[in-house]
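Structural features, examined
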Amino acid sequence: MDKQNIQLDDNKRLRHFLSIEGLKRQMLTDILDTAESLSGVTEQSVKKVPLLRGKTVVNLFFEPSTRTRTTFELAAKRLSADVLNVNLEVSATSKGETLLDTLQNIEAMHCDMFIVRHPNSGAAHFIARHVAPHISVINAGDGRHAHPTQAMLDMFTIRRVKGDFHKLRVAIVGDILHSRVARSQIHALSTLGVEEIRVIGPRTLIPSHYEALGVHAYNNMSDGLRDVDVVIMLRLQHERMSNALLPDEHEYFRLYGLTRDKLAVAKPDAMVMHPGPINRGVEIESSIADGPQSVILQQVTHGIPVRMAIMSMAMQSHMPATAREEA
Amino acid sequence: MRALIRNGHIIDPANQIDAIHDIAIDNGRILAVGQIPGGFTAEHSIDASGLIVCPGLVDLRAHLREPGQEHKATIASETRAAARSGITTLCCPPNTQPIIDTPAVATLIYDQAHAAGMARVLPLGALTQGLAGTQLSAMHALKEAGCVGVSNAMAPLGNNLIYQRAMEYAATHQLTVFLHAEDSALADKGCVHNGAVATRLGLPGIPTAAETVAVATALALVEETGVRIHFSMLSTARAVRMIARARYDGLPVSADVSAHHLHLTELDVLDFDSSCHVRPPLRSQRDRDGLREGLRDGTITAICSDHQPHEPDAKLAPFSTTATGISALETLLPLALKTGNESNINRSAILASLTKGPAAILGIEAGTLTPGVRADICIFDPDRYWTLNKNNMVSQGHNTPFLDWELQGQVRYTFLNGQCVFEAAD
């Protein structure tokens, strides 16, 4: 347990961004502040800053993703980096090449940053432990473990709307067990000091040792949503039905789908979030998803400055002090 | 060869000897302990003052990788590691390639071990053909070829009817069935204990019930068939209590635990350390304590290594996709001694779980220094500290989380059939 946090360099600066767990509150606040200062860039007519000029960012996606990959690509381009998209779900690794071989081949092209999405928990940690020392690794989702940039853009959205974290009650609804988004959100919310984190779902979708995450668990919406300030809905994967975790979508929507009636027990100004893509009529009613309490589209917009912030901070740890000042 | 080991502290749990004596070896067998016959002259004499002299260790579970996976290890390489570790008898599970479901494979293993000459290797035969869980193996022929028991290794059996019949058929031939108690449906794609660490790391968990359901099923079938069952590598405190109850009720069941399950817990997996990726998974602190309690109260009568050497690449991947297992022969004795120190189990009882206990489970004449038996002897310095590292490891597999641990208790000499097969260099 006394192992060094591989996410930080010798000066405790962010080197890799793999998981929220183990990062201090100040680090998360720095990310949010940097994202705030970069959010102006995306609204200018020339939407670029030179923070990553001359750097090459590689999107290494071992699992399909459109939204996350696109926002990372856009974020990297707005930092003036060159971007290479490597889609690995069907390429080298299925030909028997090991993950390390793949990495070394891409490293040999002199890249500076890997954005990694992988179906196995711990893959980003594994890659960070084995890459050349000049490369930063950003986790864009590993198995059920973590999706820390999504969590940070959610924190950014919450801070924009609510201002402060300390008095907030937050409920996360749905498939907690399989959700890397939920795990990262929980770590971020507790590090930022919210008053209470609740998870809501049937017992088949709540981890059996949820208390290890420091959350309260509820099996019904009327108790779980009572007086909450933030409602985070999670996406339900269709395969949960075939795995005998749920009977059908209809029953799920009836019990856990977010409707006007269910939302009524939350605080009147409760905000509604969803990491997308939405299954309308399964997790959430359209009138809520498109309604005034929903911030779902803002979340998408915020993905860009937050990812820009994280990428530029991680890259700075590789620059000598003088270059950092110039940047 | 005639050898004399002088002034050693002899611990022979089978004969309840725990005292300083001389021991004489003649013609590959123990000649005498204590009173050496007048006129005995030794060609080879060892001063064992300050050292413990005990029967050669018997390891119930060691994967030697041969035949079929020689890139991981060979019988020659691993029996050399065994000799270095004071282990003189190794029992290997049937999941070699080809599988030990025909007499020829068992014979090959005997031949290779004999050629290497560093340790005795006893194969377990497959319970079902190809370990596929559907058709019974030719257990009688396997027994004739020297298989000391039968096992389906880690593979599941098709259904409980096949399970019951396999047990009945094994009982027909007085073969002990070695079981790895895991319900494969409940274990599903899990790779760690379903506990706090699985929840935090988002790794798929294997619940405690995967073991307890399998133990309950096995116990019900033992009652039905009367077959002798040995549970390999228990991992949960609950299963230990179930087996304690079954033994109290007089069922013919026994159990072992691996040395690493006595020391590591799910917390050692934090940081996705693939060297701690093992099956059954490392469980909670409470489970580890329960395993130690089972060892203390005699429910568990053997400590095995569950030795699984791998090539480096097998552990270089994201956690759940890495191969399971630890290269464990060289830490068996020091970890067992450490368990004794930490849990207040006396040295004789710990050594019993490495000698007399496993020998009784196998039903072989080993694990004792009784005059007349083959002279398999381990001589170790109980006070010597040493550190295991990749340079001094003898096993071909270097996959162990115990690298750089300071270990207490180092083997100085190992005798197999009265021949010295290992002598420490320094």
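Please read all numbers here as calculations on a predicted model, not as lab measurements.

All names here are of chain A. Core analysis: the largest hydrophobic core is formed by 234 residues, its most contacted members being Met-113, Phe-114, Val-231 and Met-311. In terms of residue count, the dominant contributor to this core is helix α12 (residues 296–316) (10 residues). Filtering out sequence-adjacent residues up to four positions away, Phe-114 remains in contact with Val-58, Leu-60, Ile-127, Val-131, Ile-135 and Val-137.

Another point: unusual backbone geometry. At the junction of Gly276(A) and Pro277(A), the peptide bond is cis and its omega measures out at -10 degrees in the coordinates. Structurally, Pro277(A) can be placed in the loop between β9 (271–273) and α11 (286–289). Residues Glu66(B) and Pro67(B) are joined by a peptide bond in cis, for which omega reads 5 degrees. Relative to the assigned elements, Pro67(B) resides in the loop between β6 (57–59) and α1 (75–84). The backbone phi angle of Leu131(B) is positive, close to 55 degrees, even though this residue is not glycine.

All names here are of chain A. When cut into domains, chain A gives domain 1 (25–146 + 303–326) and domain 2 (148–300). Sorting the residues of the side of domain 1 that touches domain 2 by element identifies α1 (25–39), β4 (136–142) and α12 as the ones contributing at least two each. A breakdown of the residues in the side of domain 1 that touches domain 2 according to their chemical character gives nine nonpolar, five polar and five charged.

Residues and elements named next belong to chain B. Contact geometry of helix α7 (residues 208–225) with helix α8 (residues 237–248) gives a least axis separation of 9 Å together with a crossing angle of 15 degrees. Judged on the interaxial angle alone, α8 and α7 are roughly parallel. Here α7 and α8 pass one another in a crossing that is right-handed. Across the interface between the two elements, Thr-208, Glu-211, Thr-212, Val-215, Ala-216 and Leu-219 from α7 touch Arg-238, Ala-239, Met-242, Ile-243 and Ala-246 from α8.

All names here are of chain B. According to the domain assignment, chain B consists of domain 1 (2–53 + 374–423) and domain 2 (56–362). One C-alpha centre belongs to domain 1, the other to domain 2; they are set 26 Å apart. Within the residue set of the side of domain 1 that touches domain 2, elements represented by two or more residues are β17 (377–387), β18 (406–416) and β19 (419–423). Here the element with the most residues in the side of domain 1 that touches domain 2 is β18; it accounts for seven residues. Along the lines of polarity and charge, the residues of the side of domain 1 that touches domain 2 split into 18 nonpolar, nine polar and two charged.

By convention, interface size is frequently given as the accessible area that disappears when the constituent parts associate. Every contact between the two is made by 24 residues of chain A and, on the other side, 19 residues of chain B. Of the residues forming the side of chain A that touches chain B, the biggest block, three residues, is contributed by helix α4 (residues 123–130) of chain A. Of the residues assigned to the side of chain A that touches chain B, the class counts are 10 nonpolar, 10 polar and four charged.

A word on the sheet that holds strand β3 (residues 113–118) of chain A. All names here are of chain A. With parallel pairing, four strands are arranged side by side in an open sheet as β2-β1-β3-β4. This sheet does not close on itself; its edge strands, each paired only once, are β2 (82–87) and β4. The sheet shows a mean angle of 15 degrees between the axes of neighbouring strands, direction not considered. Summarising the sheet, β3 and β4 pair through five bridges and their orientation is parallel. Of the residues in β4, the one forming a bridge with Met-113 is Ser-136. Packed on one face of the sheet, α12 meets β3 and β4 and runs near 145 degrees to β4.

Residues and elements named next belong to chain A. At their nearest, the axes of α1 and helix α5 (residues 148–162) sit 10 Å apart, and the two run at 70 degrees to each other. Between α1 and α5, the interaxial angle falls into the category roughly perpendicular. Along its contact with α1, which presents Leu-28, Ile-31, Leu-32 and Ala-35, the element α5 presents Met-152, Met-155, Phe-156 and Arg-159. The residue inventory of the contact of α1 with α5, partitioned by class, reads seven nonpolar, no polar and one charged.

Basis of the calculations
- Residues numbered from 1 in each chain as written.
- Chains lettered and ligands numbered in written order.
- Predicted model: local features only at pLDDT ≥ 70, side-chain atom pairs only at ≥ 80, totals over all residues.
- Core = buried A, V, L, I, M, F, W, Y, C linked by C-beta atoms within 7 Å.
- Buried ≥ 20, exposed ≤ 12 C-beta atoms within 10 Å, placed from the backbone.
- Helix = DSSP H or I, 4+ residues; strand = E, 2+ residues; numbered from the N terminus.
- Contact = placed C-beta atoms within 7 Å.
- Domains from an automatic or database assignment.
- Nonpolar A, V, L, I, M, F, W, Y, C, P; charged D, E, K, R; others polar.
- Axes fitted to C-alpha atoms, helices over the stretch in contact; angles between N-to-C directions.
- Parallel < 35°, antiparallel > 145°, perpendicular 65-115°, else oblique.
- Left-handed = near helix turned anticlockwise from the far one by under 90°.
- Pairing = 2+ DSSP bridges.

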